[in-house]
Amino acid sequence: MRRSLKEKTAPYVLLSPYLFMLIVFFGYAFIRCFYFSFTEYDLFSPPRWVGFKNYLNLVKDFQFGLALKNSLQFAVIVTSLQTILALLLAVILNQKIKGIRFFRAVYYMPSITSSAVVTLIFMWLFQKKGLINYLLTLAKTGYRIIAVFFGLFVLCQAFLVIGEKIKKRPVSLFEPSFLFLSVVVSFMATFILVKTGIVTMAEGIPPVETVWLNTKKMWPQNNRIFGISYPLGSIMLLNTWTTAPTFMLLYLAGLQDIPKELYEAAAVDGATKFKTFWYVVRPQLSNITFLVVTMGLISTLQMFDQVAIIGDQAPLDSVITLAYYVYINAFPSSVSPKIGMASAAAVFLGFLTLLIVLIQKKVVREGEGVEL
Amino acid sequence: MRKQELSTIKLPSEEEIREFQLKQRRWRKVAMIYLVLLLVSILTIGPFFFGLLSSLKDNPLEWPPKLSVNQLKPANWIAAFRLSKAGCGKGFFGEFAPGAIIPFQVTYQVPAGKEPVTPQVVVPKRVPGTAGAALLIEHYAADYSRVSEVQEVKREILADGSVRVTYAFTIHHTGDVVCDRLPMDITVPLGQQFVSATLDPNRPNERLGRVQSWNNLTAGVIPYIFYNYHRVFSENYSRTTGKNLFSSWIKNSFVLCFARVLTNLLFASMAGFALARLKFRGKNTIFLLMLFSMMIPGQVTFISNYLVLRDGVFGLSKLFGVNTLLNSYSGLIVSGLVSASSVFIMKQFFEGLPESLEEAARIDGASSYQILFRIFFPLAKPALGALTILTFQGVWNEFFWPLVVLTSPQDRFTLTIGLLSFRRMYGVAFDWGPILAGSVISALPLVVLFVVFQRYFVEGISFTGVKG
């Protein structure tokens, strides 16, 4: 009898630490957030019930609109970019050659360090006298060299491929072994042309001094609804760069799970590389894509760290996101906390996340149905 | 003779040529793959590499950005060693001690037709880095040093008529106190160009090239090379306790990670085991709630959690004589005992273990606790390894929650929050050296961990990914 009681309580005992977390730090907090969103509260005097006033104020708040716009822009653009990039990186890494483990480690590097570290390094790269502007300057002054290199490269590749076609041998436009030859030849030729002074750097071009962070500039200009502010755009690049490698690992696992026979069958049918990828590989990865997009959307909608670290180095309006809006309302630097507004915005953010994930789920699942 | 030789050479058959071509093709294809892999690597670790390199530079924002760094030139290492040896008898960590005589040489170039002017050497009373550091300086080398007469030791006339002159002088310590640094400025007229010196100057082009400036001649090799790193540790002291801030942050981060990893390993295995292998009422509800909690942003729950910590978890902490858990590590540990994703990983793992393990033990009369701790726990090494790494990484990099909980004093910060305060302090002055150095230091433990336990990182990601 005692024993069975011990067994009966065992699951709850084992779960108790987690249940404590789930109840106190999630359930209770979640319900309280709802409650706070209907009150006026400054963390000290007791909350005062105000009904829907906070939500109405949110709708009227210009800054909230900006935060919403920035968050949505950020979520959509970064999720698409990082999904594509992750797949691309995984395809590049899916090779059976020596040292591939080393490259996998190198590619994963951006994902292991903290957002604080990468944001600081990026802020430094995006300074007015930073590396990004320097590389742009270099591209601007050396455009002739770059053009000559690419021109020679294309010519060389075309020459090799046509040569092979004349011999009536099957060859693809991007035959890798030819690509390598073309790169080497055009690189050497360009090098000689530069050394002999036939192709030169452009002169009199002023250095690029774009201000990336501390600016209200938009791209495209004057487009208030769809325009991306420069600082937010920089953060998008940064975030894509740091999160793509995580998702790359998921894709890589997926790619390695695809049975060899599928590739072989495609090859027998004479499918090109691209066709194999589109009709064979991509459908096999649809589960992973769904996961990647869902996780991407959830995390990008909550983007906070980068904005907080850049802080006053960028105008608030051009980088503020929903998560940051919640934070600065709850812990403003000068006025008293507006917990009601913060909670209302947080509730909104929570629902937005759920809604977008649900829509995504529906669209992707239906899309699949059509394909089958 | 020659004819005969030619005829004996066997011409390769068509087949052999074809095979050779194919081999070559395969070789070039592999080379192309490596080339692409390498080019993409530049994108992924290029920023880190350049950041690491620039963290050694005097001015990480120099224009144009260069890959060559004065601090990495062996000639400068030797010079720094010798100067420091002259300064205090020690070569690696130096100071400017009584009785020191520092010999120095510097070379300038003057265009044809102009007469070289003897440069003026000054030991300035310069405050290093931020103003806060000034409070720590007891003695300025400027008050205890004398520069000898500057003498011309060599003159060389170049092909175009311009003249290169080398000057030599010594700096003497005249007092009886130890100064921790010996800065120096050399001033020359406009047009007299700096060529070289015993030790490369930290700022060669001050005031249109008229002033060359050194931070510390007797730094010693290590502080010379790792100047910004040295600044990170030497310039940041707590106003209240006088303790070194940056090392406190490192310690805090490690302590927090250690505690959170332990609690997560234990409690996540317990919860994961219960959810995976035991039957009880409310199991599905708990699991669904768990999934739901993983989707809800932290911004929804943080206000209430902040209040819970502020009031000491419903006043429970008062039992231990603690009023509030804000600004404390107990608070961060209590609010992060075990995360939903850790439970999820352990649940996934335990579900994958064979049923027979458990059945056999049950027949032998083992309790659920015994099954978990005697059988399942030892088997869970791979999952626990991955969970350790993931939790460590997550806690080490955590930003939002520590930012809310830890506000003052500064020596309570974790590394990530500390870096934010670095950005605020140094970023205003575009003084990126210490910021980069601090970033590199705080990235280091994870990079080491990653290099050693790469497998676990990868596994951890795929564990979390199974839920799709």
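No experiment lies behind these values; they were computed from the predicted model shown.

K.L.:
Which residues make up the pairing of strand 4 (residues 151-157) of chain B, and what are the values?
P.N.:
In this structure, strand 4 of chain B lies alongside strand 5 (residues 163-173) of chain B, joined through six bridges in antiparallel fashion. The residue of strand 5 of chain B that forms the bridge with Glu 152 of chain B is Tyr 167 of chain B.

K.L.:
Lay out the sheet that holds strand 9 (residues 211-214) of chain B with the relevant residues and their values.
P.N.:
All names here are of chain B. The sheet built from four strands is open, its strands ordered 2-6-9-8 with antiparallel pairing. Two strands close off the open sheet at either side, each with one partner strand: strand 2 (120-122) and strand 8 (203-206). The sheet shows a mean angle of 20° between the axes of neighbouring strands, direction not considered. Summarising the sheet, strand 8 and strand 9 pair through two bridges and their orientation is antiparallel. The partner of Arg 203 across the bridge, within strand 9, is Ser 213.

K.L.:
Just give me the short version of the UniProt feature "domain: ABC transmembrane type-1" (unreviewed entry) in chain B, but keep the residues and values in it.
P.N.:
In the numbering used here, UniProt assigns the feature "domain: ABC transmembrane type-1" (unreviewed entry) to residues 250-453 of chain B. Taken end to end, residues 250-453 of chain B is 74% helix and 0% strand, and its first and last C-alpha atoms sit 21 Å apart.

K.L.:
Describe the nonpolar core, and please don't skip the residues or the numbers.
P.N.:
With 226 residues, the main nonpolar core has Tyr 107 of chain A together with Phe 350 of chain B as its most contacted residues. The dominant element in this core, judged by the number of residues it contributes, is helix 7 (residues 245-277) of chain B, at 16 residues. What Tyr 107 of chain A contacts, discounting residues up to four positions off in sequence, is Leu 89, Ile 92, Leu 93, Pro 245 and Met 248 of chain A together with Val 36, Leu 37, Val 40, Ser 41 and Thr 44 of chain B. Listed in part, the six residues of the second largest apolar core include Phe 153 and Phe 180 of chain A together with Ala 31 and Met 32 of chain B.

K.L.:
Run through the side chain of Lys 347 of chain B, naming residues and quoting values.
P.N.:
All names here are of chain B. Here Lys 347 shows up in helix 11 (residues 340-352). By relative accessible area, Lys 347 is classed as buried at 9%. A polar contact of 2.8 Å, which involves the side chain of Lys 347, links it to the side chain of Glu 351.

K.L.:
A description of the packing of aromatic side chains should follow, citing residues and the corresponding values.
P.N.:
Residues and elements named next belong to chain A. One pass over the structure, following the stated rule, counts 63 aromatic pairs over all chains. Geometrically, the ring pair formed by Tyr 35 and Phe 36 is tilted, given 5.8 Å between the ring centres and 40° between the ring planes. Relative accessible area serves as the criterion here: at 37%, Tyr 35 is assigned to the partly exposed category. Of the residues examined, Phe 36 reaches a relative accessible area of 3% and is grouped as buried.

K.L.:
How would you explain helix 9 (residues 230-257) of chain A if you had to name every residue and give the values?
P.N.:
Residues that lie three or four places apart on an α-helix share one face, since the helix turns once every 3.6 residues. All names here are of chain A. Helix length check: helix 9, at 28 residues, gives a terminal C-alpha distance of 40 Å against a target of 40 Å (1.5 Å per residue), a fit within 8%. By the largest-angle criterion, Ala 244 marks the main kink of helix 9, which is about 35°, and a proline, Pro 245, follows within four residues. Among the 28 residues in helix 9, 23 count as buried, and that is most of the element.

K.L.:
Could you give an account of the confidence of the model for chain A, with specific residues and numbers?
P.N.:
Considering every residue of chain A, the mean pLDDT works out to 90; 97% of them sit at 70 or more. The least confident element of chain A is helix 16 (residues 339-371) of chain A, whose mean pLDDT is 82; the most confident is helix 15 (residues 322-330) of chain A, at 96.

K.L.:
Please provide a residue-by-residue account of the UniProt feature "transmembrane region" (unreviewed entry) in chain B, values included.
P.N.:
Residue and element names in this part refer to chain B. Cross-referencing UniProt, the feature "transmembrane region" (unreviewed entry) maps to residues 31-53, 253-275, 287-309, 329-350, 371-396 and 432-453 in the present numbering. Counting secondary structure, residues 31-53 comes out at 100% helix and 0% strand; the distance between its end C-alpha atoms is 28 Å. End-to-end, the C-alpha atoms of residues 287-309 are 26 Å apart, and along that stretch the chain is 91% helix and 0% strand.

K.L.:
An account of the packing of helix 9 of chain A against helix 12 (residues 286-301) of chain A is requested, with residue identities and associated values reported.
P.N.:
All names here are of chain A. Contact pair helix 9 / helix 12: the axes reach a minimum separation of 10 Å and the direction vectors enclose 155°. In terms of orientation, helix 9 lies roughly antiparallel with respect to helix 12. As helix 9 runs across helix 12, the sense of the crossing is right-handed. Contacts between helix 9 and helix 12 involve Asn 239, Phe 247, Leu 250, Tyr 251 and Gly 254 from the first element and Ile 288, Thr 289, Leu 291, Val 292, Met 295, Gly 296 and Thr 300 from the second. Broken down by class, the residue content of the contact of helix 9 with helix 12 amounts to seven nonpolar, five polar and no charged.

K.L.:
Which residues make up the layout of surface pockets, and what are the values?
P.N.:
In this structure, the second largest pocket occupies an estimated 2200 Å³ of space. In terms of lining residues, the second largest pocket is bounded by 42 residues, among which Val 91, Gln 95, Pro 176 and Lys 273 of chain A together with Lys 29 of chain B are the most central. Counting only elements with at least two residues in the lining of the second largest pocket, the list comes to helix 3 (62-93), helix 8 (176-195), helix 9, helix 10 (260-268) and helix 11 (273-284) of chain A together with helix 2 (14-54) of chain B. It is helix 2 of chain B that provides the largest number of residues to the lining of the second largest pocket, a total of seven residues.

Thresholds, definitions, all that
Residues numbered from 1 in each chain as written. Chains lettered and ligands numbered in written order. Predicted model: local features only at pLDDT ≥ 70, side-chain atom pairs only at ≥ 80, totals over all residues. Heavy atoms only, no water. Pairing = 2+ DSSP bridges. Helix = DSSP H or I, 4+ residues; strand = E, 2+ residues; numbered from the N terminus. Axes fitted to C-alpha atoms, helices over the stretch in contact; angles between N-to-C directions. UniProt positions renumbered as here; feature names shortened; annotations may be inferred. Core = buried A, V, L, I, M, F, W, Y, C linked by side-chain atoms within 4.5 Å. Buried < 20%, exposed > 50% of the residue type's maximum accessible area, 1.4 Å probe, protein only. Contact = heavy atoms within 4.5 Å. Polar contact = N/O pair within 3.5 Å; in protein donor to acceptor, adjacent residues only side chain to side chain. Phe/Tyr/Trp six-rings, centres within 6.5 Å; stacked < 30°, edge-to-face > 60°. Expected span 1.5 Å × (residues − 1). Bend = angle between axes of the 7 residues up to and from the residue. pLDDT = per-residue confidence, 0-100. Parallel < 35°, antiparallel > 145°, perpendicular 65-115°, else oblique. Left-handed = near helix turned anticlockwise from the far one by under 90°. Nonpolar A, V, L, I, M, F, W, Y, C, P; charged D, E, K, R; others polar. 1 Å grid on protein atoms, 1.4 Å probe; cavity = no way out; pocket = protein on both sides within 12 Å on 5 of 7 lines; lining within 4 Å. Points joined across faces, edges and corners; volume = space filled by probe spheres on them.

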